[in-house]
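Single-letter residue listing:
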Amino acid sequence: MTIDQLINDCKKNDIKAQELLYRQFAPKMFSVCLKYSRSYAEAQDHLQDGFLLVFEKIHLFEFRGSFDGWIKRVMINHVLQQYRNKSFLNLVDENTPEEVEVEIDTEISTEYLMKIIQELPDRYRLVFNLNVFENYSHQEISTALEISVGTSKSNLARAKMILKEKIETNTGSAKMPSIK
């Protein structure tokens, strides 16, 4: 069965098609949810709720662009919605520079990097992931999280500083992966 047929069957609320779509996309979407969640368990919850939203909104997919991109956007927006309107997103650290250059020469595992990113406070983790992994501009982050551009810049800089400190503590190295 082609992906287009699978999507069309899901639009008709075909449970078997929904199961197939879930099985095909869940692993990739779980990694998306994990990037934006505090924990593995929270990511699982976001994945399940996100797929319910996908099936509720699949009728809106009009076969323009890739389905991969569409479902990823639905998942990210769902996770971000869980954090919107929480006061922690609007905190600005006036003592944090807006730009922090960080370089990594040290080899660290992907698992360790993901772990310390997940440990970031929500406001820093969300801005960091949107900027670094999704290539959102500060204006786009500002719109998505309903925060100011300055808050986005401050939160990104603080996230980078925290990650740098954790890597330095773990490795004894003063350098870390290039995160611009």
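As the structure is a computational prediction, the values presented were derived from the model and not from experiment.

Draft legend 1. Focus on the environment of F133. Summarising the element assignment, F133 is placed in the loop between α6 (122-132) and α7 (138-145). Overall, F133 belongs to the partly exposed group, its relative accessible area being 32%. Each C-alpha atom of the pair F133 and K35 lies 9.0 Å from the other, and the pair is 98 residues apart in sequence. Dropping the residues within four chain positions of it, F133 is found in contact with K35, I117 and F128.

Draft legend 2. Highlighting unusual backbone geometry. One non-glycine residue, N135, adopts positive backbone phi at about 60°. Position of N135 among the secondary structure elements: in the loop between α6 and α7. Phi angles above zero are rare outside glycine, and E146 is one such case at about 55°. With respect to the helices and strands, the residue E146 is situated in the loop between α7 and α8 (149-171).

Draft legend 3. Highlighting the pattern of salt bridges. Going through the model one piece at a time under the given rule, you end up with 11 salt bridges. Among the ionic pairs, K35 bridges to E134, the shortest N-O distance being 3.2 Å. Here K35, found in helix α2 (residues 15-36), pairs with E134, found in the loop between α6 and α7; they are 99 residues apart in sequence, far enough to count as distant. Here K35 falls in the buried class, since its relative accessible area comes to 14%. Judged by relative accessible area, which is 15%, E134 ranks as buried. For R38, the salt bridge goes to D122, with nearest N and O atoms at 2.6 Å. Separated by 84 residues along the polypeptide, R38 in the loop between α2 and α3 (40-57) and D122 in helix α6 bring together distant segments of the chain. Several salt bridges share partner residues, and in doing so they unite R38, E42, D122 and R125 into one network.

Parameters at a glance
Residues numbered from 1 in each chain as written. Predicted model: local features only at pLDDT ≥ 70, side-chain atom pairs only at ≥ 80, totals over all residues. Heavy atoms only, no water. Helix = DSSP H or I, 4+ residues; strand = E, 2+ residues; numbered from the N terminus. Buried < 20%, exposed > 50% of the residue type's maximum accessible area, 1.4 Å probe, protein only. Contact = heavy atoms within 4.5 Å. Salt bridge = Lys/Arg side-chain N within 4 Å of Asp/Glu carboxyl O.

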